[in-house]
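A structural walkthrough
In case you want the letters, here they are:
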Amino acid sequence: SDKYVVIAKNTDETKEKANRLFDTSNAISESTSDIAAVSEEVAAESNEIASYTEKLGDMLTSIHGLLGQYNTAIVPSASKMAKQVKIMLISMYDNEFWYGVGRGANYAAKELALAGGYAEFVPIRTDIDKGMDVQVAEPLNSAMQRGFDGVIFPGWMNTQGLAVKAIENGMKVMVFNCDCNPDIKRVACLCPDPAEPGMISAQSLAKDLNKSGNVAILHGDLEIGSNAERYDSFKKELKNFAGIKVVDEVLIDDNDEDVYNRTMECLRNNKDVQALFITNGFPCVAAKAMEDSGKAGKVHLYAFDTDPEIVSYIKKGIIACTVGQDSFGQGHDPIIWLYNYIAADEPFPGDIIHCRVSVVDRSNVDSLII
């Protein structure tokens, strides 16, 4: 009948519409999946971009810190001489401090090249067969033969005879790191202020202990100038903090085994000590003893210089503070000072020039570049 025809027709239309709806639903589902996939891809790319942005920020921070190292206190004079001024810097080159000196000297050499001068860095190593005297004598004799105008070396190097010979041959001699024998008529000395490192360490320790606590001192031979100066300035500064008491003073030799054993003994004998101060160049050995004794985070060490191992102990919270002595500047600045003195007759700022110091602790160690 007509009713059945209409019903059948409507059924077919309904089926057709349902099929179209199903196809449309599938298309929407596929599009939704595509959108979801794109969204995930965009999210992943956004995360990657964020990661790269963070890394870029870290890199820029590091670059800023690196540039700070090259922000030197002195630059070559613009004055020109008829002949090229040639300067040699001879230095130890066997640990992180002296590597920094080498970087400073090489940077100064590049500056002098642009100014028309010439600087030559000569590294002295302890890991080769030649002794120090021979390693110093060879380049110094070469400098005299090649008509160098000036030579620079650490004041403690055993070069007295050769330095006097260089002066007699018309060369200007400058020393750095510490002063030399007064018999050597050097033109100037660049070195750390001997009192400043001990004073800064005492101030940092007093701040960390809230001006009250027990301290032990690990000191090297007090006949050695740097040990005595750090020891004296540290104790003198501590007198300003009545609540801090020095409970022990331990003499340590300049070798790993003695420093380690004496540090362990000091910690055993002084259960209530809260901080250690060390005057000589073995802070990481003392820090290792503190770590092995279970005192990490309970007792803190105050020391000198900065290298990757010292940085690792600062990050562990064992070394609280270290006072750096601008190794880069100790290599760079003497070359430029001496060049300006010879090339432009510019006077030194003093007979003894004190280099900059830097303080490294938990607050700034992550931004340090060494």
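Scroll up for the structure.
Residues numbered from 1 in each chain as written. Predicted model: local features only at pLDDT ≥ 70, side-chain atom pairs only at ≥ 80, totals over all residues. Heavy atoms only, no water.

Before going further, it helps to spend a moment on unusual backbone geometry. In this structure, Asn 210 takes a positive phi of about 55 degrees despite not being glycine. Within the secondary structure layout, Asn 210 lies in the loop between helix H5 (196-208) and strand S6 (213-219). The exposed category is assigned to Asn 210, whose relative accessible area is 65%. The phi angle at Asp 305 is positive, at roughly 70 degrees, despite the residue not being glycine. Among the secondary structure elements, Asp 305 is positioned in the loop between strand S9 (300-304) and helix H9 (308-316). By relative accessible area, Asp 305 is classed as partly exposed at 24%. (Helix = DSSP H or I, 4+ residues; strand = E, 2+ residues; numbered from the N terminus. Buried < 20%, exposed > 50% of the residue type's maximum accessible area, 1.4 Å probe, protein only.)

Moving on to the packing of aromatic side chains. Overall, the coordinates contain 10 aromatic pairs when judged by the stated rule. Seen from their ring centres, Trp 98 and Trp 156 are 6.1 Å apart, and the 65 degrees between their planes marks the pair as edge-to-face. Note that Trp 98 is positioned in helix H2 (residues 96-115) and Trp 156 in the loop between strand S3 (150-154) and helix H4 (160-168), a separation of 58 residues in sequence. For Trp 98, a relative accessible area of 9% translates into the label buried. On the basis of an interplanar angle of 0 degrees and a centroid distance of 3.7 Å, the ring pair of Phe 234 and Phe 277 is categorised as stacked. Residue Phe 234 is located in helix H6 (residues 225-238), and its partner Phe 277 is located in strand S8 (residues 275-278); the two are separated by 43 residues in the primary sequence. By relative accessible area, Phe 234 is classed as buried at 0%. Take Phe 277: its relative accessible area is 0%, and that puts it in the buried class. Connected via pairs of aromatic rings, a cluster forms that spans Phe 97, Trp 98, Trp 156 and Phe 176. The ring of Phe 304 has Arg 230 lying over it, and the distance from NZ or CZ to the ring centre is 4.2 Å. (Phe/Tyr/Trp six-rings, centres within 6.5 Å; stacked < 30°, edge-to-face > 60°. Lys NZ or Arg CZ within 6 Å of the ring centre and 35° of its normal.)

Each pair of packed helices can be described by the angle between their axes along with the distance between the axes. Where helix H7 (residues 256-269) contacts helix H8 (residues 283-292), the axes come no closer than 8 Å and their chain directions differ by 40 degrees. In terms of orientation, H7 lies oblique with respect to H8. As for how H7 packs across H8, the hand of that crossing is right-handed. Along the contact surface, H7 presents Asp 256, Val 259, Tyr 260, Thr 263, Met 264 and Leu 267, while H8 presents Val 285, Ala 286, Lys 288, Ala 289, Met 290 and Asp 292. In terms of residue class, the contact of H7 with H8 is made up of eight nonpolar, one polar and three charged. (Axes fitted to C-alpha atoms, helices over the stretch in contact; angles between N-to-C directions. Parallel < 35°, antiparallel > 145°, perpendicular 65-115°, else oblique. Left-handed = near helix turned anticlockwise from the far one by under 90°. Contact = heavy atoms within 4.5 Å. Nonpolar A, V, L, I, M, F, W, Y, C, P; charged D, E, K, R; others polar.)

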